[in-house]
Amino acid sequence: HKYQVIRNEILGSDDEDDEEEGDDEGESSDEEASKVEDGLEIADKTGSNTQALRRTIYLTIQSSLTFEECVHKLCKMQLRPGQEKILVEMIIECCSQERSYKKFYGLIGERYCRLKRDYIPLFAETFQEQYETIHRLETNKLRNVASCYAHMLYTDALPWTVFAIIRLTEHDTTSSSRVFIKIIMQEIASQMGEKRLRERFQDPTLQVCFEGLFPRDDPRNSRFSINFFTAIGLGYLTEGLREWLKTAPPPQHVIGNVGEEDSGSSSSSSSSSSSSSSSSDSSSSDSDSEGKEADENTSPKWGRDARTAVQRTEPRNQQPRRQESRDEPRGGESRTRRRETSDHNQREGRRDRSRKDRRESSSERDRDDKRDRSRKDRRESSGERDRDDKRDKSDRRDESERKKGDKRDKSRERGHRGNDKSRKKKKVPTATLR
């Protein structure tokens, strides 16, 4: 009893501790109730809630047999505000994880866009995010994601205004983004057909969204877009862009450079006109003397040697003339000589081309002849084989018939022998009868 009294004096009684604990619990419950009444919630910064939500969404998608069942189960989930985007991202991510594209995921996205209009901007936002980070995906994932968005586009579940984020130029796209656009456009074309697709791209209300696909700011970008759509088999979509490209003005920076070059050339021509008269006579006399020396040194005696000699000697003799003519004015004689040399070069080039064409044609003919001969040899060998097979079959038939005939003859001989023996046994001597 003394020990208990001393303990209570030092540590306090148990009744007092119980009262203090009860008071603490009551205060904590009152604080939680006040927080709930004020609308304050505990923020989960570890991400455990989002992971649990993603896990449940994945399991419901994988455990569903049809897309209608899947959407029904997902709609029963009580999502908090802001968690709808997690659902959209999980649908796209589950689609990308498949080995090949399944229409199941496209139908889920279409049904959500039809049921709740709030999901349309979320799918459009994920489309932009996927396009910007498409270079991180593998080829199989890229194909699945593109096919899923193409399904929602040609069913009009997703608006075509999402194409406004695409700018189809050489600098603004990568190889993976071009593959992404290619798969989407080919899937849409295969489902909608040429007529409906042409009408959709000619819709005046959507021309603002298609400015990036068919750029008209620079002819280079326009040509790149035309070549891209022609390569994927949708060249009929670029008819308007082709017509614009025919009448398109040149870029402004090109116009500025051309103007500067014209001004510089005019000034240089005015300065060089004063020295043209003095240097024209000397250049013509020098060129005549050089031409005569070259003709005397390289004069051939007959046809083929003449051609080869001209081809060998012309470049050596023409190089100094061209170097001199840069500094000299363009007179009448120099122009005629240039024309003659250019005509001669053109003739030689044509001759060389004709020779190459003849060689190629002769080589092709030889190849065709070899192919024909090999085919004939094969046919003849196959015909001989067929004949040998027929002969073997006929020989086998003859042998089988001979064997059958031999068997018949043997059976007949046996029958005759048996009849003879029976006849001999039936003969009875006359003496016994008497």
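Above this text you will find the structure in question.
A brief structural summary. (Residues numbered from 1 in each chain as written. Predicted model: local features only at pLDDT ≥ 70, side-chain atom pairs only at ≥ 80, totals over all residues. Heavy atoms only, no water.)

Overview of the side chain of Ser-147
Line of reasoning, step 1. By the secondary structure assignment, Ser-147 is in helix 8 (residues 139-154).
Line of reasoning, step 2. Residues within four places of Ser-147 in sequence aside, it is in contact with Tyr-101, Ile-183 and Glu-187. (Helix = DSSP H or I, 4+ residues; strand = E, 2+ residues; numbered from the N terminus. Contact = heavy atoms within 4.5 Å.)

Looking at the state of the cysteines
A covalent bond between the sulfur atoms of two cysteines is referred to as a disulfide.
Line of reasoning, step 1. Per the stated rule, a full pass over the model turns up zero disulfides.
Line of reasoning, step 2. Here Cys-95 is not cross-linked by a disulfide; its sulfur's nearest cysteine counterpart is in Cys-148, at 4.4 Å. (Disulfide = S-S within 2.5 Å.)

A word on the nonpolar core
Line of reasoning, step 1. Residues Phe-123, Trp-160, Phe-163, Phe-180, Ile-188 and Phe-229 are the most contacted members of the largest nonpolar core, which totals 65 residues.
Line of reasoning, step 2. If one sorts the elements of this core by residue count, helix 8 sits on top with nine residues.
Line of reasoning, step 3. Ignoring any residue separated from it by four or fewer positions in sequence, one finds Phe-229 in contact with Leu-168, Met-185, Leu-213, Phe-214, Leu-234, Gly-235, Leu-237 and Thr-238. (Core = buried A, V, L, I, M, F, W, Y, C linked by side-chain atoms within 4.5 Å. Buried < 20%, exposed > 50% of the residue type's maximum accessible area, 1.4 Å probe, protein only.)

Side note on the pattern of salt bridges
Line of reasoning, step 1. Summed over all chains, the structure comprises 17 salt bridges.
Line of reasoning, step 2. A salt bridge links Arg-200 to Asp-156; the nearest nitrogen and oxygen atoms lie 3.1 Å apart. Placement of Arg-200 in helix 10 (residues 194-201) and of Asp-156 in the loop between helix 8 and helix 9 (175-192) is noted, with a sequence separation of 44 residues between them.
Line of reasoning, step 3. For Asp-368, the salt bridge goes to Arg-371, with nearest N and O atoms at 3.8 Å. Of this pair, Asp-368 and Arg-371 both sit in helix 16 (residues 332-426), three residues apart, roughly one helical turn.
Line of reasoning, step 4. For Asp-368, a relative accessible area of 37% puts it in the partly exposed group.
Line of reasoning, step 5. Each of Lys-85, Glu-125 and Glu-129 takes part in a single network of salt bridges with overlapping partners. (Salt bridge = Lys/Arg side-chain N within 4 Å of Asp/Glu carboxyl O.)

Some words on the packing of helix 8 against helix 9
Line of reasoning, step 1. Contact pair helix 8 / helix 9: the axes reach a minimum separation of 9 Å and the direction vectors enclose 40°. In terms of orientation, helix 8 lies oblique with respect to helix 9. The two elements helix 8 and helix 9 cross, and the hand of that crossing is right-handed. Taken together, the residues of helix 9 that come into contact with helix 8 (itself represented by Leu-142, Arg-143, Val-145, Ala-146, Ser-147, Tyr-149, Ala-150, Leu-153 and Tyr-154) are Ser-176, Val-179, Phe-180, Ile-183, Ile-184, Glu-187, Ile-188, Gln-191 and Met-192.
Line of reasoning, step 2. When grouped by side-chain class, the residues that make up the contact of helix 8 with helix 9 number 13 nonpolar, three polar and two charged. (Axes fitted to C-alpha atoms, helices over the stretch in contact; angles between N-to-C directions. Parallel < 35°, antiparallel > 145°, perpendicular 65-115°, else oblique. Left-handed = near helix turned anticlockwise from the far one by under 90°. Nonpolar A, V, L, I, M, F, W, Y, C, P; charged D, E, K, R; others polar.)

Some details on helix 11 (residues 219-231)
Residue pairs spaced three or four apart in an α-helix point in one direction, given the helix's 3.6 residues per turn.
Line of reasoning, step 1. The end-to-end C-alpha separation of helix 11 is 18 Å, in line with the 18 Å expected for 13 residues at 1.5 Å each.
Line of reasoning, step 2. For helix 11, the full list of buried residues reads Pro-219, Asn-221, Ser-222, Ser-225, Ile-226, Phe-228 and Phe-229.
Line of reasoning, step 3. Residues of helix 11 that are buried in the fold lie against helix 9 and helix 12 (239-246).
Line of reasoning, step 4. Positive backbone phi, at 85°, marks Gly-233, one or two positions downstream of helix 11. (Expected span 1.5 Å × (residues − 1).)

Side note on the packing of aromatic side chains
Line of reasoning, step 1. In the structure shown here, the tally under the stated rule is 13 aromatic pairs.
Line of reasoning, step 2. When the centroid spacing of 5.9 Å and the interplanar angle of 45° are considered together, the rings of Phe-127 and Phe-180 count as tilted. Placement of Phe-127 in helix 7 (residues 119-132) and of Phe-180 in helix 9 is noted, with a sequence separation of 53 residues between them.
Line of reasoning, step 3. On the basis of relative accessible area, Phe-127 is assigned to the buried category, the value being 0%.
Line of reasoning, step 4. Ring geometry for Trp-160 and Phe-210: centres 6.5 Å apart, planes at 75°, overall edge-to-face. Here the residue Trp-160 occupies a position in the loop between helix 8 and helix 9, and Phe-210 occupies one in the loop between helix 10 and helix 11, the gap between them amounting to 50 residues.
Line of reasoning, step 5. Taking the relative accessible area as the measure of exposure, Trp-160 reaches 4% and is therefore buried.
Line of reasoning, step 6. Among the aromatic side chains, those forming a connected cluster through ring pairs are Trp-160, Phe-163, Phe-201, Phe-210, Phe-214, Phe-228 and Phe-229.
Line of reasoning, step 7. One cation-aromatic arrangement involves Arg-200 over Trp-160; the distance from NZ or CZ to the ring centre is 4.8 Å. (Phe/Tyr/Trp six-rings, centres within 6.5 Å; stacked < 30°, edge-to-face > 60°. Lys NZ or Arg CZ within 6 Å of the ring centre and 35° of its normal.)

Concerning the side chain of Glu-348
Line of reasoning, step 1. Note on placement: Glu-348 falls in helix 16.
Line of reasoning, step 2. One polar contact links Glu-348 to Arg-351, side chain to side chain, over a distance of 3.1 Å. (Polar contact = N/O pair within 3.5 Å; in protein donor to acceptor, adjacent residues only side chain to side chain.)

Here we look at the packing of helix 9 against helix 11
Line of reasoning, step 1. It is the contact of helix 9 with helix 11, at a shortest axis distance of 11 Å, that shows an interaxial angle of 55°. The angle between the axes of helix 9 and helix 11 places the two elements in the oblique class. Between helix 9 and helix 11 the crossing geometry is right-handed. The residues of helix 11 that touch helix 9, namely those facing Arg-178, Ile-181, Lys-182 and Met-185, are Phe-224, Phe-228 and Phe-229.

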